[in-house]
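Chain by chain, the residues run as shown.
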Amino acid sequence: MFRRVLIANRGEIALRILRSLRALGVEAVVTHGRDDRLTLPVRLADEGVFIARDDPLASYLDIEAIVEAAKEVGADAVHPGYGFLAENPTFAERLTEEGIKFIGPRPEVLRLLGDKLAAREAMVKAGLPVAEGSGKPVSDRDEAISTAAVIGYPVMIKAAAGGGGIGIQVVNSPDEFEAALRLCQGRALSAFGDDRVFVEKFIEGAQHIEFQILADGSKAVHFGERFCSIQRRHQKIIEEGPWLSEEVREELGAKVVAGAEAVGYEGLATFEFLRDAEGEFYFLEVNPRVQVEHTVTEMIAGVDLISLGIRVAAGESLPLSQDDVKLSGHAIQTRINAENPFTLEPSPGRIWECHWPGGPGVRVDTHAHTGYDMPPSFDSLLAKLIVWAPTREEAIAKMDAALGETLIIGVDTLIPLHRAILNETDFRNREVNVGYLDGHQGLLDGR
């Protein structure tokens, strides 16, 4: 096991990783910028490393500064969490060059999975289902339009290096295609430094379902699925699980495991899929890191995924088999973002009063507290509230009660929207797809 790990992240995930390191008897060091110097992860760590930058984001994106920090504090390994440098192969390479373990997949695997076209090809070879698409970059307007006509509208134009919903344009007719192509290429170049895009069939009325895996570079196991169709701006705000029948879970889970093993994956990862109205699945991408909603899986599988990922990175073979994975009950997570619940605009500022819920089956992952200043420079995620109950109906009731017990004064949050969704008929009846909020505008109007 490692002696000391540097956490190259902030907020709730930095605190979450720190707790697993504590349970493993490993010292934790946390990097931080100016705005985070007094946050809980930094205060609770064995040591904090200040990376001074004028731009708050730069403190978490400066590869050389973080590598030097890891060397200075004598870290055996670096845990990147999610976001920032978590999927950056150059960062993983630099750490490897310095003899420091990157807790995650090898750089070459990160490069492969970071390219949606290459990842798509690898997963097709491994037997995973994909939506009909160009399978290669398209840049010529006439070729792209011809490809879309063969696939059939509506289609998506997607950035090959995209992620987080950035660089996706849905096109409903040939008249819209040229403008959408230019827009998608421009956004891809600006966000990722790579303007390659490809065309893929748009799955109307789809559900977003993802599988959690753990692999040791040779073998993999899956921990079942999470349902993540409640989204705004292609980003999730409510996740839950399980969702599928045991038969479907076993069949798709076996394919996911084959995909992870085919690329020699090491660590935690999430395989994302769309499921159409006929029940067919289509591979989207692999997120090669711990996922924000890993908590849902931890609640229904009774495991500490972060600890398992650290143990594998330290050289252990898979510490459990597929037969060891048992799912129980139902879990729901709400992302309590500091946002206006009706306009969805960020709401940074000071929290003057804060009270989190508790009780059996209630979990809160947060770095926020009374007196905390929510900075405007970072993602608006303030906390994750997770509940577990024997059934989905009981989990919904428990989540509604827990949200009602939550008190946050000083910033707006999504709590009113979450409670409205929990009590909406279609949600309760599982009649949900990724267009849920667009089809239920009354929820955003406070009705």
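Residues numbered from 1 in each chain as written. Predicted model: local features only at pLDDT ≥ 70, side-chain atom pairs only at ≥ 80, totals over all residues. Heavy atoms only, no water.

Asks: Give a description of the nonpolar core that names residues and reports values.
Replies: Grouped together as the largest cluster of nonpolar side chains are 63 residues, with contacts concentrated most on Tyr265, Phe271, Leu417 and Ile421. Setting aside residues no more than four positions away along its own chain, Phe271 makes contact with Met123, Leu128, Ile209, Glu210, Phe211, Ile213, Val256, Gly259, Ala260, Phe283, Glu285 and Val286. Formed by 34 residues, the second largest nonpolar core is a distinct cluster that contains Phe2, Val42, Ala313 and Leu381. (Core = buried A, V, L, I, M, F, W, Y, C linked by side-chain atoms within 4.5 Å. Buried < 20%, exposed > 50% of the residue type's maximum accessible area, 1.4 Å probe, protein only. Contact = heavy atoms within 4.5 Å.)

Asks: Would you mind going over the sheet that holds strand β4 (residues 77-79) in detail, with residue names and values included?
Replies: The strand order β3-β2-β1-β4-β5 describes an open sheet built from five strands, whose pairing is parallel. With partners counted over all chains shown, the strands left at the sheet margins are β3 (47-50) and β5 (101-102), one partner each. Alignment of strand β1 (residues 4-7) against β4, held across three bridges, turns out to be parallel. Bridge pairing in β4 places Leu6 opposite Val78. (Pairing = 2+ DSSP bridges. Helix = DSSP H or I, 4+ residues; strand = E, 2+ residues; numbered from the N terminus.)

Asks: Any details on the pattern of salt bridges? Residues and values, ideally.
Replies: Here the structure, examined in full by the defined rule, presents 41 salt bridges. A salt bridge links Lys71 to Glu68; its shortest N-O distance comes to 3.2 Å. Pair noted here: Lys71 and Glu68 are both in helix α3 (residues 63-72), with a separation of three residues, about one helical turn. A relative accessible area of 39% means that Lys71 is categorised as partly exposed. A relative accessible area of 34% means that Glu68 is categorised as partly exposed. A single salt-bridge network, built from bridges that share partners, covers Glu210, Arg226, Lys236, Glu239, Glu272, Glu293 and Arg335. (Salt bridge = Lys/Arg side-chain N within 4 Å of Asp/Glu carboxyl O.)

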